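# Analysis of the macromolecular model
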Amino acid sequence: MSVFNTTTNYQKPSSEGYYGDFGGAYIPEMLYENVETLKVQYLQIMEEPAFKAEVAALLKDYVGRPTPLFLAERLSKEIGATIYLKREDLCHTGAHKINNTIGQIILAQRLGKTKIIAETGAGQHGVATATVCALKGMECVVYMGEKDIERQAPNVARMKMLGAKVVPAKSGSKTLKDATNEAIRAWINEPNETHYIIGSVVGPHPYPDMVARFQSVISEEVRKQLYEKTGSELPTHVVACVGGGSNAAGAFYHFLNEPTVELIAVEAAGHGVHSGMSAATTQLGTPGILHGSKSILMQTKDGQVVEPHSISAGLDYPGIGPLHAFLYESKRGTFMSATDEEALESAFHISKIEGIIPALETAHAFSVLPKMGLKPTDVVVVCLSGRGDKDLDTYMKFIKD
Amino acid sequence: MSRLKKLFEVQQHRVLNVYCTAGYPQLNSTLLVMKSLQENGANIIEIGMPYSDPLADGEVIQVSSHIALENGMTIEVLFDQLSKMRETIHIPVVLMGYMNPILQYGFDQFCKKAKEVGVDGLILPDLPLYEFEHLYGKAIKENELDFIFLVTPETPTERLQKLDSLSSGFLYAVSSSATTGTDKDFSKVATYLQKLQSAGLKNPFLVGFGIKDKASFDAVSAYSNGAIIGSAYINALSKGDNVETITKQFLNSVLN
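Residues numbered from 1 in each chain as written. Chains lettered and ligands numbered in written order. Predicted model: local features only at pLDDT ≥ 70, side-chain atom pairs only at ≥ 80, totals over all residues. Heavy atoms only, no water.

### So, the overall build of chain A
On a plain count of helices and strands, chain A comes out with 16 helices and 14 strands. Taken over the C-alpha trace, chain A has a radius of gyration of 19 Å; the compact-globule value for 401 residues is 21 Å, and the two agree within 12%. Referenced to the eigenvectors of the C-alpha coordinate spread, the extents of chain A come out at roughly 55 × 45 × 45 Å. For chain A, the proportion of its 401 residues judged to be buried stands at 66%. Element-wise, carbon and sulfur atoms account for 54% of the exposed surface of chain A, whose accessible area totals about 14,000 Å². Here chain A contributes 38 positively and 45 negatively charged side chains, and the mean placements of these two sets differ by 2 Å. (Helix = DSSP H or I, 4+ residues; strand = E, 2+ residues; numbered from the N terminus. Rg over C-alpha atoms; globule rule 2.2 N^0.38 Å. Buried < 20%, exposed > 50% of the residue type's maximum accessible area, 1.4 Å probe, protein only. Areas by Shrake-Rupley, 256 points an atom, 1.4 Å probe, with all protein chains shown as cover. Lys, Arg positive; Asp, Glu negative; His and termini not counted. Charge placed at Lys NZ, Arg CZ, Asp CG, Glu CD.)

### Looking at the overall build of chain B
Per the secondary structure count, chain B includes twelve helices and nine strands. Taking 18 Å as the expected radius of gyration for a compact globule of 256 residues, we find that chain B reaches 17 Å, a close match to that expectation. On the principal axes, the C-alpha backbone points of chain B span a range of 45 × 40 × 35 Å. Taking all 256 residues of chain B together, the buried fraction comes to 59%. Taking as baseline every contact in chain B between residues at least 6 positions apart, the subset at least 24 positions apart corresponds to 73%. Total accessible area computed for chain B in this model is approximately 10,000 Å², and 48% of it derives from carbon and sulfur atoms. Measuring between centres, the 22 positive side-chain charges of chain B sit 6 Å from its 28 negative side-chain charges. (Contact = heavy atoms within 4.5 Å.)

### Some thoughts on a nonpolar patch on the surface
A surface patch of nonpolar side chains, amounting to about 280 Å² of accessible area, comprises Leu392, Met396 and Ile399 of chain A. Within the secondary structure, methionine 396 of chain A is located in helix 16 (residues 392-398). (Patch = residues over 30% accessible without salt bridge, like charges linked within 9 Å, V, L, I, M, F, W, Y side chains within 5 Å. Salt bridge = Lys/Arg side-chain N within 4 Å of Asp/Glu carboxyl O.)

### Examining the packing of helix 9 (residues 186-197) of chain B against helix 10 (residues 214-221) of chain B
Residues and elements named next belong to chain B. At a closest axis distance of 9 Å, the pairing of helix 9 and helix 10 adopts a crossing angle of 25°. In terms of axis orientation, helix 9 runs roughly parallel to helix 10. For the element pair helix 9 and helix 10, the recorded crossing hand is right-handed. Counted together, Phe186, Val189 and Leu193 of helix 9 and Ser216, Ala219 and Val220 of helix 10 form the full contact between these two elements. For the contact of helix 9 with helix 10, the residue count by class is five nonpolar, one polar and no charged. (Axes fitted to C-alpha atoms, helices over the stretch in contact; angles between N-to-C directions. Parallel < 35°, antiparallel > 145°, perpendicular 65-115°, else oblique. Left-handed = near helix turned anticlockwise from the far one by under 90°. Nonpolar A, V, L, I, M, F, W, Y, C, P; charged D, E, K, R; others polar.)

### Describing the interface of chain B and chain A
How large an interface is tends to be reported as the accessible area lost when its parts come together. At the interface, 38 residues of chain B touch 38 residues of chain A. One can count two salt bridges joining chain B with chain A. Across the pair glutamate 29 of chain A and arginine 159 of chain B runs a salt bridge, and its minimum N-O distance is 2.7 Å. Scanning the region where chain B abuts chain A turns up 20 residue pairs in polar contact (both at pLDDT 80 or more). Listed by contribution, the elements that provide at least two residues to the side of chain B that touches chain A are helix 3 (59-71), helix 5 (99-105), helix 7 (129-142), strand 6 (150-151) and helix 8 (157-166) of chain B. (Polar contact = N/O pair within 3.5 Å; in protein donor to acceptor, adjacent residues only side chain to side chain.)

### Topic: the environment of lysine 214 of chain B
Residues and elements named next belong to chain B. Tracing the sequence through the fold places lysine 214 in helix 10. Its relative accessible area of 31% is what places lysine 214 among the partly exposed residues. Put simply, lysine 214 and arginine 3 are 211 residues apart on the chain and 26 Å apart in space, counted from C-alpha to C-alpha. Look past the residues within four positions of lysine 214 in its chain and what remains in contact with it is Arg14, Ser253, Val254, Leu255 and Asn256.

### Thoughts on the sheet that holds strand 5 (residues 115-120) of chain A
Residues and elements named next belong to chain A. The strand order across the open sheet formed by four strands is 7-6-5-8, and the pairing between neighbours is parallel. Each of the sheet's edge strands pairs with one partner strand only, and the pair in question is strand 7 (165-169) and strand 8 (194-196). Between one strand axis and the next, the sheet turns by 25° as a mean value, whatever way the strands run. (Pairing = 2+ DSSP bridges.)

### A word on the packing of aromatic side chains
All chains considered together, the criterion is met by 18 aromatic pairs over all chains. Arranged with centres 5.8 Å apart and planes meeting at 65°, the rings of phenylalanine 348 of chain A and tyrosine 395 of chain A form a pair that is edge-to-face. Of the two residues, phenylalanine 348 of chain A sits in helix 14 (residues 340-354) while tyrosine 395 of chain A sits in helix 16, which places them 47 residues apart along the sequence. Taking the centre distance of 4.8 Å and the plane angle of 75° together, the rings of phenylalanine 147 of chain B and phenylalanine 149 of chain B count as edge-to-face. Exposure class is identical for phenylalanine 147 of chain B and phenylalanine 149 of chain B. Each is buried. Aromatic rings pair up to connect Trp187, Tyr196 and Tyr207 of chain A into one cluster. The ring of tyrosine 32 of chain A has arginine 159 of chain B lying over it, and the distance from NZ or CZ to the ring centre is 3.2 Å. (Phe/Tyr/Trp six-rings, centres within 6.5 Å; stacked < 30°, edge-to-face > 60°. Lys NZ or Arg CZ within 6 Å of the ring centre and 35° of its normal.)

### Quick word on the environment of glycine 72 of chain B
Looking at the element boundaries, glycine 72 of chain B is found in the loop between helix 3 and helix 4 (75-82). Distance from glycine 72 of chain B to alanine 178 of chain B, taken between C-alpha atoms, is 29 Å for residues 106 residues apart in sequence.

### Some points on the nonpolar core
One finds Leu95 and Phe107 of chain B to be the most contacted residues of the largest nonpolar core, which totals 154 residues. The element contributing the most residues to this core is helix 8 (residues 176-189) of chain A, with seven residues. Summarising the domain contributions, this core has at least three residues from each of domain 1 (26-57 + 97-207) and domain 2 (64-95 + 212-398) of chain A. Look past the residues within four positions of leucine 95 of chain B in its chain and what remains in contact with it is Ile47, Met49, Leu78, Phe79, Leu82, Phe110, Val119, Gly121, Leu122 and Ile123 of chain B. Counting 34 residues, the second-largest nonpolar core is a separate cluster that includes Tyr19, Val242, Leu256 and Ile296 of chain A. (Core = buried A, V, L, I, M, F, W, Y, C linked by side-chain atoms within 4.5 Å. Domains from an automatic or database assignment.)

Shown next, in the form of structure tokens:
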């Protein structure tokens, strides 16, 4: 497999979109023109001063960036290290997802597209997409697993209120994987006028790189904010949850080439890594191809994709972005996991000691803090990727009077 | 000379390739389906290797793939079923499938085994040109398998020439950018096919996606070497129990 350029610059995949052996664009010919157009133009458009200015203005005045870097004092005391929370939950629409959709909607306009499609798991990316479509007056169709539509009802209502059409994905496990299949099929059926806003660092090249770049604003801000607070731009650890891996990619991005910073990716172990009801991709997966890129995925020995399980819809995905697969394989990243139960416990605990109700996805990231063997001198940044309002139905089932 | 090449030497018009998912409707239907197709006038048999996430396929083939997987179909089982096919099947056979199950089986091993059982060609819609040239094409050629690339109305001329030069057997002309089993307006398709006819391609081309009956088969055959039918045949199979009767009726209705 050494024909693919193995880069040691983790921020730069090869020209064909490979991070080591992972990545590429394994797509049917029907999508070639669209993906090729993106591939040829995305960097050029993203580097244009006018584009950058438009994105920056919206991130500031519409999204509310920069998001604060908050010193969590009670949590720090409990863990025995300095813990900062990057407050992506304070973004407009309640999660980091909008960093990417703002960038992609302006890109779609530059490409002359009139219609937007998207997939969504927890509904955060769907809401973030519906929001920017409303902002820019674009038609919006969001594909969402039937099972996720049930467990994330408030986000479905939000998308509809924002004028988006929500189409249930009824195939397979009826979750994020299948919503992604349906979105890709929809794109195949009307490629010319439509732009597909993928919500994570997955999919064919250039999506993993493009989404990582749009999300990289997270770590760009962290460096500045950390310098202001501690006199150093570099923490000892960055912790983020990983489904496909967009918030982790954004939180890691400007630390990828800083070898002293440990990057901790937290996967969803569901009922337990080896319970048969899990979404801990790197622990259970093997190299394979899903949704247009080569990465690590959960599959049978015959190469059929396995249906994952996580209590959090946003992490309920059998794959992982190719950048993360490379971080795992090269050991640049440390991959840990948290079970449904641990995540729930963390969600309740963080709510009580910091006054912040995190999303179920984010709660997984908090669960590993006590297991990391942190020292008092450690400075840890946790990406607080989203707020927990959308998960209240789930949380209410576990509230003890 | 490959069976596909021989076929197109003797027949340039109205070549009919019929697709069926391996292990559908029953796990052991594969050979019966193939025999019935051969007996009733199909010129090429395309066997689909079922995958859990078939991106290029519409609902009909998604469902047949799901049922085939439930029936227990795997690449290993398929090669077992095909191991004696050349005792009865003399027309060209191509395998269609997605990359992931093949990678797990082992790509080189897959090509070797395909040749061994008498498969003539491969259609792998999610194997891209770059990876074909740099990684996978070698094993395909070493095992003397034809490789059939897809082309669409949006494929630029230069790329069309390149895909044609790397293909052998035939080219798979997708009638319009869509998943399989979508209805088409064939008056629009005609313009595209006329363009392909005058492109100076080295390979013959068959038109697929949306071909479902005599009318659509006739319409595209007028401007091509023939057509590929998939979803419509699977639909027919899903409506009854007797594979032989259904196949006979279906092919009669398309060809006559």
